[in-house]
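# Fold and geometry: a report
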Amino acid sequence: MRIVVTGGSGQLARAIRETWTGHDVLCPPEAELDLSQREAIRQVLLTLKPDVVINAGAFTQVDRCETEEPLATLINGTAVTWLAEACNELDAKLVQISTDYVFDGQATRPYLETDPVAPRSAYGRTKLLGEQAARGCNRHLVARTAWLYDAWGKNFFLTMVNAARQGRALRVVADQRGTPTSCRALARQLQTVVEEDWQGLVHATCAGETTWHGFATEIFRQLAIPAELSPCTTADYPLPAPRPAYSVLDGAHRRALGTDQMPTWEQALTEVVDDFQRASSGTGPA
Ligand SMILES: NC(=O)c1ccc[n+]([C@@H]2O[C@H](COP(=O)([O-])OP(=O)(O)OC[C@H]3O[C@@H](n4cnc5c(N)ncnc54)[C@H](OP(=O)(O)O)[C@@H]3O)[C@@H](O)[C@H]2O)c1
């Protein structure tokens, strides 16, 4: 199959490019496929003729979305309408990557695919528009994920490692719960999703749950980096966009649909750490 992944410079797009086998995977960067341009979307897709479009491109800067909601709405919401239109013209499938931010973050047990959405941030509102727009594609799947990271890109894992290497003391929030999910684990699950032609809505994170502080603790334990790490609360560091206090996603629908490949978040971290250490020591790909 020919797969086009939008947001080709992003961390998830890179993971898809690196992990998928047996398919023709094209990851045009924003300069070649700008989601804010309706005609460009149509032209590029009609030229490339994909069987599947994975929309991994997004305005992902959560705090900037609060002050730039119209632009975030264009990229995260309206653009998905245009992708859906082009996919319908090609009879292609649209896989829309979405987020735990569509929920209110007030739950006390993992969110099911059937739970009501109630975003509290501009980012969450715009991503919810994207989910709704994806349903305009005759063949679509919405995959919600959370807490993405890998050995590349801009993410919490690399932020922690770089800060610790600089010898900075770290205070990390210990009152938000979620599931760290490596891009490569999600990418492998997405390959199965596409090959088995799943439809509808699924939650796709690694298994288990922790806090950001718990995640940082495990990163430093697995990397054997001594770090000065202490817990703090969300209230200690007010940010423009509200963060969900609880964003664990239950993948009940994913498990019912077929092959569940998501490892525990600790197993996924080990794979990323091994890769990161090989790259750092010059014995593996950067
Ligand atoms: N990161 C997470 O923790 C997380 C959690 C839940 C869901 N998600 C979702 O997962 C998907 C992948 O996220 P990610 O972590 O890979 O994010 P990412 O690394 O920020 O990648 C997003 C990519 O989209 C690109 N982009 C921005 N505006 C664009 C435009 N107008 N046209 C085309 N591309 C554009 C960005 O380019 P620039 O770098 O040049 O801006 C970036 O390369 C997104 O849909 C995101 O909403 C992410």
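Residues numbered from 1 in each chain as written. Predicted model: local features only at pLDDT ≥ 70, side-chain atom pairs only at ≥ 80, totals over all residues. Heavy atoms only, no water.

## Brief notes about helix 10 (residues 265–280)
So the rule is basically this: Note on conventions: DSSP H or I runs of at least 4 residues are helices, E runs of at least 2 residues are strands, and numbering of each starts at the N terminus. Given a helix with a known number of residues, its expected span is that number minus one, times 1.5 Å. Buried, partly exposed and exposed residues are distinguished by accessible area as a fraction of the type maximum, computed with a 1.4 Å probe on protein chains only: under 20%, between the cut-offs, and over 50%, respectively. It is the directions from the helix axis to the C-beta atoms that the arc portrays. Here, two residues are considered to be in contact whenever any of their heavy atoms come within 4.5 Å of each other.
Taking 1.5 Å of rise per residue, 16 residues should cover 22 Å, and helix 10 covers 22 Å from first to last C-alpha, within 8% of that figure. Buried within helix 10 we find Trp265, Ala268, Leu269, Val272, Val273, Asp275 and Phe276. Angularly, the buried residues of helix 10 cover 170° about the axis, an arc narrow enough to put them on a single face. Looking at the packing, one finds that the buried side of helix 10 touches strand 6 (148–149), helix 6 (156–165), strand 9 (181–182), helix 7 (183–195), strand 11 (210–211) and helix 8 (212–223). Phi turns positive, to about 80°, at Gly282, one or two residues after helix 10.

## What about the pairing of strand 5 (residues 140–145)?
Cut-off, in case you're wondering: Here a strand pair is declared whenever DSSP counts at least two bridges between the two strands. The definition of a right-handed crossover adopted here requires that, viewed with the strands pointing away, the path from the first strand over the helix to the second runs clockwise.
Of all the 6 residues making up strand 5, 6 are buried; the element is thus mostly covered by neighbouring parts of the structure. Bridge analysis of strand 4 (residues 93–99) against strand 5 gives 6 bridges, and the strand direction is parallel. By the bridge assignment for strand 5, Val95 is matched with Leu141. Since strand 4 and strand 5 lie parallel, the crossover through helix 5 (residues 122–134) that links them has a hand, and here it is right-handed. Alignment of strand 5 against strand 10 (residues 200–203), held across 4 bridges, turns out to be parallel. Bridge pairing in strand 10 links Ala143 to Val202.

Keep in mind these numbers describe shape, not what the thing actually does.
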